[in-house]
Amino acid sequence: MDITKFNTQYSGDYARPNLFEVSIAQMDTKMMIKTASLPATTVGVVEVPYQNRKMKVPGDRTFADWTATIINDEAYVVREAILEWQQGITGFSSFSSTVDVGEAHREITIQPLDRGGNNSTHSVRVYGWPSEVGAIDLSWETVDAVQEYTVTFSVSWDDGGIDGKDMAILGN
């Protein structure tokens, strides 16, 4: 193992996990996202029995829930916008929806950035809605931190970072 050979095998720069931004359709406010991820996706397995053996064939593609940790602003602008979105899906007191299923889902874009702060060539768009808005811990003992909370989005579809070809099926 020679480090100089290893280093010369790669051209360009390495992607950094701390350089990214997230945007959500129909949310005009800027969000400070502390942590996020490029979401997981799974292709299920269907086992087909044949002469005492099982052949595994690809099943349906499923999408894991996507979670982001948001740094709270003092006016709670982002949190209130997400809570209003959630309330439109299922009202808090009337238990009725004020939006159609298609309107409940929004496009969320996770965009890695290069070291110069420019969009990288890879981005992922997911299509989902906020299923859980996490608690904000308050404490008199915490004096050197900012408020943050997690939001879990139920994802119905993503483009897998491959030019958004699959998103056209949903009309986006």
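Rules used in this analysis
Going along each chain's sequence as written, the residues are numbered from 1 onward. Local features in this predicted model are restricted to residues whose pLDDT is 70 or higher, and side-chain atom pairs enter the listing and the counts only when it is 80 or higher, whereas totals over whole chains, interfaces and linings include all residues. To get the side-chain values, take all heavy atoms of the structure and skip hydrogens and water. Buriedness of a pocket was judged along seven lines, with at least five required to meet protein on both sides within 12 Å; pockets are open sets of points on a 1 Å grid over the protein atoms alone, cavities are sets where a 1.4 Å probe fits but cannot get out, and lining residues have an atom within 4 Å of a point. Grid points are joined across faces, edges and corners, and a volume is the space filled by probe spheres set on the points. Any residue that is not Ala, Val, Leu, Ile, Met, Phe, Trp, Tyr, Cys, Pro, Asp, Glu, Lys or Arg is counted as polar, Gly included; the first ten are nonpolar and the last four charged. Numbered from the N terminus, helices here are DSSP runs of H or I no shorter than four residues, and strands are runs of E no shorter than two. The rule is simple: take the accessible area with a 1.4 Å probe, protein chains only, and divide by the maximum for that residue type; under 20% is buried, over 50% is exposed, in between is partly exposed. Strand pairing follows a simple DSSP-based rule, namely that at least 2 bridges must link the two strands. Lines fitted to the C-alpha atoms define the axes, with helices restricted to the stretch that makes contact. Angles between their N-to-C directions range from 0 to 180 degrees. In what follows, a contact means two residues having at least one pair of non-hydrogen atoms within 4.5 Å. The definition of a polar contact used here is a pair of N or O atoms within 3.5 Å, where within protein one atom must be able to donate a hydrogen and the other to accept one, and adjacent residues in sequence count solely through side-chain atom pairs. By salt bridge we mean one thing: a side-chain nitrogen of Lys or Arg within 4 Å of a carboxyl oxygen of Asp or Glu.

A.B. asks: What's the story with the layout of surface pockets in this structure? I'm lost.
C.D. replies: Over the atoms rolls a probe the size of a water molecule, and in doing so it shows where empty space is left. Computed from the structure, the largest pocket encloses a volume of approximately 330 Å³. Surrounding the largest pocket, 19 residues form its lining, Ala15, Arg16, Leu19, Pro112 and Leu113 being those nearest its centre. Among the residues making up the lining of the largest pocket, the classes are represented as ten nonpolar, five polar and four charged. By volume, the second largest pocket is sized at about 180 Å³. Together, Asp137, Leu138, Ser139, Thr142, Ala145, Val146, Gln147 and Glu148 line the second largest pocket. For the lining of the second largest pocket, the residue count by class is three nonpolar, three polar and two charged.

A.B. asks: Before we go on, may I ask you to explain unusual backbone geometry in this structure?
C.D. replies: Among all residues save glycine, negative phi is the norm, and among peptide bonds the norm is trans. Despite not being glycine, glutamine 26 shows a phi value in the positive range, around 70°. Within the secondary structure layout, glutamine 26 lies in the loop between strand E1 (20–24) and strand E2 (32–35). Even without being glycine, tyrosine 76 reaches a positive phi, approximately 60°. If you trace the backbone, tyrosine 76 turns up in the loop between strand E5 (66–71) and helix H2 (77–89). Of the residues examined, tyrosine 76 reaches a relative accessible area of 31% and is grouped as partly exposed.

A.B. asks: Please clarify how the sheet that holds strand E6 (residues 106–112) should be interpreted in this entry.
C.D. replies: Paired through backbone hydrogen bonds, the strands of a sheet run either parallel or antiparallel to each other. Taken in spatial order, the six strands line up as E1-E6-E7-E8-E5-E2 in an open sheet, and their pairing is antiparallel. The open sheet has two free edges, formed respectively by E1 and E2, since each of these has just one partner strand. When the angles between neighbouring strand axes are averaged without regard to direction, this sheet yields 45°. Contacts from H2 reach E1, E5, E6, strand E7 (124–133) and strand E8 (148–158), with the element oriented near 85° to E7.

A.B. asks: Would you take a moment to explain the pairing of E5 for this structure?
C.D. replies: Sheet topology places E2 next to E5; three bridges connect them, and they run antiparallel. Each bridged residue has a counterpart across the sheet, and for methionine 32 the counterpart in E5 is isoleucine 71. As paired strands, E5 and E8 are joined by six bridges and run antiparallel to one another. Along E8, the bridge assignment pairs tryptophan 66 with phenylalanine 153.

A.B. asks: Just checking my understanding: could you explain the side chain of threonine 69 for this structure?
C.D. replies: Secondary-structure assignment places threonine 69 in strand E5. Polar side-chain contacts of threonine 69 include one of 2.8 Å to the side chain of threonine 35. Those residues in contact with threonine 69 that lie beyond four places of it in its chain are Met32, Ile33, Lys34, Thr35, Glu148, Tyr149 and Thr150.

A.B. asks: Explain the pattern of salt bridges here, please?
C.D. replies: When their charged atoms lie close together, side chains carrying opposite charge are able to pair. For the structure shown, the criterion picks out six salt bridges. Arginine 16 serves as the salt-bridge partner of aspartate 13, at 3.2 Å between the closest nitrogen and oxygen. Of the residues examined, aspartate 13 reaches a relative accessible area of 38% and is grouped as partly exposed. On the basis of relative accessible area, arginine 16 is assigned to the partly exposed category, the value being 29%. Residues joined in a network through salt bridges with shared partners are Asp13, Arg16 and Arg115.

All we've got here are geometric facts, nothing functional implied.
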